Amino acid sequence: MAIGFFSLAVFLFLGLDLDNGYASSASAASSEGVEITYGTVLKLMHERTKFRLHSHDVPYGSGSGQQSVTGFPNVDDANSYWIVRPVPETSAKQGDSIKSGTVIRLQHMRTRKWLHSHLHASPITGNQEVSCFGGDNNSDTGDHWRLLIEGSGKTWKQDQRVRFQHIDTGAFLHSHDKKYTRIAGGQQEVCGVGEKRADNVWLAAEGVYLPVTETN
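Remember, predicted model here, so these are calculated numbers, not experimental data. Throughout, residues of each chain are indexed from 1 in the direction in which the sequence is written. Thresholds applied to this predicted model are a pLDDT of at least 70 for local features of residues and 80 or more for the giving and counting of side-chain atom pairs; totals over whole chains, interfaces and linings are not thresholded and use all residues. Working from all heavy atoms in the structure, the side-chain values ignore hydrogens and water.

(A) Inspection of the overall build of the chain at higher detail. Secondary structure assignment for the chain yields two helices and 13 strands. Each residue is assigned to one of three classes by its accessible area relative to the maximum for its type, calculated with a 1.4 Å probe on protein chains only: buried under 20%, partly exposed between the two thresholds, exposed over 50%. In the chain, which comprises 216 residues, the proportion classed as buried is 49%. Of the contacts formed within the chain by residues at least 6 apart in sequence, a portion of 66% connects residues at least 24 apart. Only the protein chains shown count as cover for residues, and the accessible areas themselves come from Shrake-Rupley with a 1.4 Å probe. Per element, the accessible surface of the chain, about 9800 Å² overall, is 50% carbon and sulfur. A run of H or I in DSSP becomes a helix once it reaches four residues, and a run of E becomes a strand once it reaches two; helices and strands are each numbered from the N terminus. We call two residues contacting when some pair of their heavy atoms lies within 4.5 Å.

Structure, rendered in structure tokens:
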């Protein structure tokens, strides 16, 4: 499948490497129901507030001091792209579909760090801090999240409501309408909470989606 204009624009803008099969197989998601596979570059939208999961090279001023993670209101922000990756100890590869219950990692496209959590307090509510940590060759189990699909779906698709549960601590990736007063753009807190709530449901939104790899 030839890369679409949207996909090409995303790749050029974000500086994606095109030597790993992206150029020949990636396509922009333009309709619901597109299956999400390893290697997909996407934005995650918080269902209730419609903010996108976001990070940038700014550390927290408290807690771990690691790179901050927030919810961002604007759709067209390049710091809200994440790459869906398998955990290192699996045989999963680019283009494989992802079933509910699978443990995955989310790598921030711009900074190459991993969506991470640990037992530090989040800045606004004092819930569990969610940060970005590590790099391409530096990842640990604090970067591992279990994908949980809401409803009857078995594999992750663009239109499905999902939760992400942190493996080390059991906390769910969460956001709400509590906003930072010292960060530009009306960004809101992203944190972890210990139980399922309406505010820890996410959906795959904009992105460049890789088709499912054909198996013989």
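What follows continues from the structure just given.
(B) A look at the packing of aromatic side chains. Here the aromatic set is Phe, Tyr and Trp, taking the six-membered ring for Trp, and pairing holds for ring centres within 6.5 Å; pairs whose planes are under 30 degrees apart are stacked, those over 60 apart are edge-to-face, and all others are tilted. For the structure on display, the rule yields one aromatic pair. Whether a charge lies above a ring is judged from NZ of Lys or CZ of Arg, which has to be within 6 Å of the ring centre and within 35 degrees of the ring normal. For the cation-ring pair, Lys-43 lies above Tyr-81, with the distance from its terminal atom to the ring centre recorded as 4.7 Å. Over the ring of Trp-114 we find Arg-105, and its NZ or CZ is 3.9 Å from the ring centre.

(C) Examining the pairing of strand S12 (residues 188-193) more closely. Counting buried positions over the six residues of S12 gives six, a clear majority of the element. The rule for pairing is simple: two strands pair if DSSP sees at least two bridges between them. Bridge count between strand S4 (residues 67-72) and S12: two bridges; the pairing is antiparallel. Directly across from Gly-71, in S12, lies its bridge partner Gln-188. With two bridges joining them, strand S8 (residues 128-133) and S12 adopt antiparallel strand pairing. Each bridged residue has a counterpart across the sheet, and for Glu-129 the counterpart in S12 is Cys-191. In the sheet, strand S11 (residues 172-179) pairs with S12 via five bridges, with the strands oriented antiparallel. In the strand pairing of S12, Phe-172 is matched with Val-193.

(D) Highlighting unusual backbone geometry. The backbone of Lys-50 shows a phi angle near 70 degrees, a positive value even though the residue is not glycine. Among the structural elements, Lys-50 can be located in the loop between strand S2 (41-46) and strand S3 (52-59). Classification of Lys-50 as partly exposed rests on a relative accessible area of 44%. Residue Arg-112 is not a glycine yet carries a positive backbone phi of 70 degrees. Looking at the secondary structure, you find Arg-112 in the loop between strand S6 (103-108) and strand S7 (114-121).

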